[in-house]
Amino acid sequence: KNEVEQSPQNLTAQEGEFITINCSYSVGISALHWLQQHPGGGIVSLFMLSSGKKKHGRLIATINIQEKHSSLHITASHPRDSAVYICAVRSSYNLIQGAQKLVFGQGTRLTINP
Amino acid sequence: NAGVTQTPKFQVLKTGQSMTLQCAQDMNHNSMYWYRQDPGMGLRLIYYSASEGTTDKGEVPNGYNVSRLNKREFSLRLESAAPSQTSVYFCASSRKPGEKLFFGSGTQLSVL
C-alpha cells in the first residue's frame, strides 16, 4: 500500500461543478502539500498546510490530522482548472539527513469540460 | 521574475552518453532538489541540497551525481546514461528544507 493515496485517479466534470479530490496518508506528517501540474508539464505549489483549512480564490484545502486525510476543493470549476493535482506529505519520521522527505501521491487527473 | 530555470527542456541520449541538466533559481533559496517523474510512480527525489555547500542522496540516487555550484545553481549529471533513466526531470527549490517548493519547467529525457 502506498503511503499516500489519492482518489479519484481520474475525474471528469462539467464547467461550474464543485470538485473534491481526496488524499489519504498512512504516515505521521508535519505538513501536507497540494500541487498542480498543468498539461504542459509545469508544476505549481498550491497549498502547504499542517492543520485546518486554507483558501486561495476558488481553491480550498482542508486537512484532518486525526483521520490522516486531506481534501482539495474547487468551486465553480472552469476548463482552465484541468490539470493533474498532486498531494505530497512531509513525513515526521523519515528524515534524509535532516531534510524531511516528501512522499508524493500519484496524482488525480481532472478534466473540466465547457 | 524567472523563479527556477531548468535546461534543456528536451534531450535524447544514446546509452552510455553523458549529460548535465542545469538548474538555477533567483529567489535566494537555501534548498534545491532534483526529482524524476515516471508514469504511475509519482515524483521521486534523486538528490537534494539543503544549503549551499551540501548535497545528499534522495530515494533514487544511483546513476546520478550533483553539484551545488553556488547558492543559485544546482546541476544533475548522468555519467553513463541508461534506458532506465528515461524520465521527466524536475528541479525545485525552497527557502528552507520542507517548505513550499518552486519547480522548474522540467526536462524530458529519452535514453535510447
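A few points on the structure. (Residues numbered from 1 in each chain as written. Chains lettered and ligands numbered in written order. Predicted model: local features only at pLDDT ≥ 70, side-chain atom pairs only at ≥ 80, totals over all residues. Heavy atoms only, no water.)

Remarks on the interface of chain A and chain B
Stage number 1. Listed by partner, the interface residues are 17 residues for chain A and 18 residues for chain B.
Stage number 2. Taking both partners together, chain A and chain B bury about 1500 Å²; carbon and sulfur atoms supply 63% of that area.
Stage number 3. Taken together, the connections running from chain A to chain B amount to 0 salt bridges.
Stage number 4. For the interface between chain A and chain B, the tally reads 1 residue pair in polar contact (both at pLDDT 80 or more).
Stage number 5. Of all the secondary structure elements, the ones that give two or more residues to the side of chain A that touches chain B are β4 (29-37), β5 (43-49), β9 (83-96) and β10 (99-104) of chain A.
Stage number 6. At 4 residues, the largest contribution of residues to the side of chain A that touches chain B is made by β10(A). (Contact = heavy atoms within 4.5 Å. Buried area = accessible area lost by both parts, 1.4 Å probe. Salt bridge = Lys/Arg side-chain N within 4 Å of Asp/Glu carboxyl O. Polar contact = N/O pair within 3.5 Å; in protein donor to acceptor, adjacent residues only side chain to side chain. Helix = DSSP H or I, 4+ residues; strand = E, 2+ residues; numbered from the N terminus.)

Examining the sheet that holds strand β8 (residues 74-78) of chain B
Residue and element names in this part refer to chain B.
Stage number 1. Strand order in the open sheet formed by 4 strands is β1-β3-β8-β7, with antiparallel pairing between adjacent strands. Edge strands, defined here as strands with exactly one partner in the open sheet, are β1 (4-7) and β7 (64-68). The mean inter-strand angle of the sheet, taken between neighbouring strand axes irrespective of direction, is 15°.
Stage number 2. Two strands pair when backbone bridges link them, and β7 and β8 are joined in this way by 5 bridges, in the antiparallel orientation. Bridge pairing in β8 links Y64 to L78. (Pairing = 2+ DSSP bridges. Axes fitted to C-alpha atoms, helices over the stretch in contact; angles between N-to-C directions.)

Regarding the state of the cysteines
Stage number 1. Going through the model one piece at a time under the given rule, you end up with 2 disulfides over all chains.
Stage number 2. One disulfide in the model links C23(A) with C87(A); its S-S distance is 1.9 Å. Its S-S torsion of about -60° marks the bond between C23(A) and C87(A) as left-handed, since a negative value means left-handed. Placement of the pair is C23(A) in strand β3 (residues 19-25) and C87(A) in strand β9, with a sequence separation of 64 residues.
Stage number 3. Two residues, C23(B) and C91(B), share a disulfide whose sulfurs are 1.8 Å apart. Handedness here is read from the sign of the S-S torsion; for C23(B) and C91(B), about -75°, the answer is left-handed. One end of the pair, C23(B), is in strand β3 (residues 19-25); the other, C91(B), is in strand β9 (residues 87-94), with 68 residues separating them in the sequence. With respect to class, C23(B) is no different from C91(B); both count as buried. (Disulfide = S-S within 2.5 Å. Buried < 20%, exposed > 50% of the residue type's maximum accessible area, 1.4 Å probe, protein only.)

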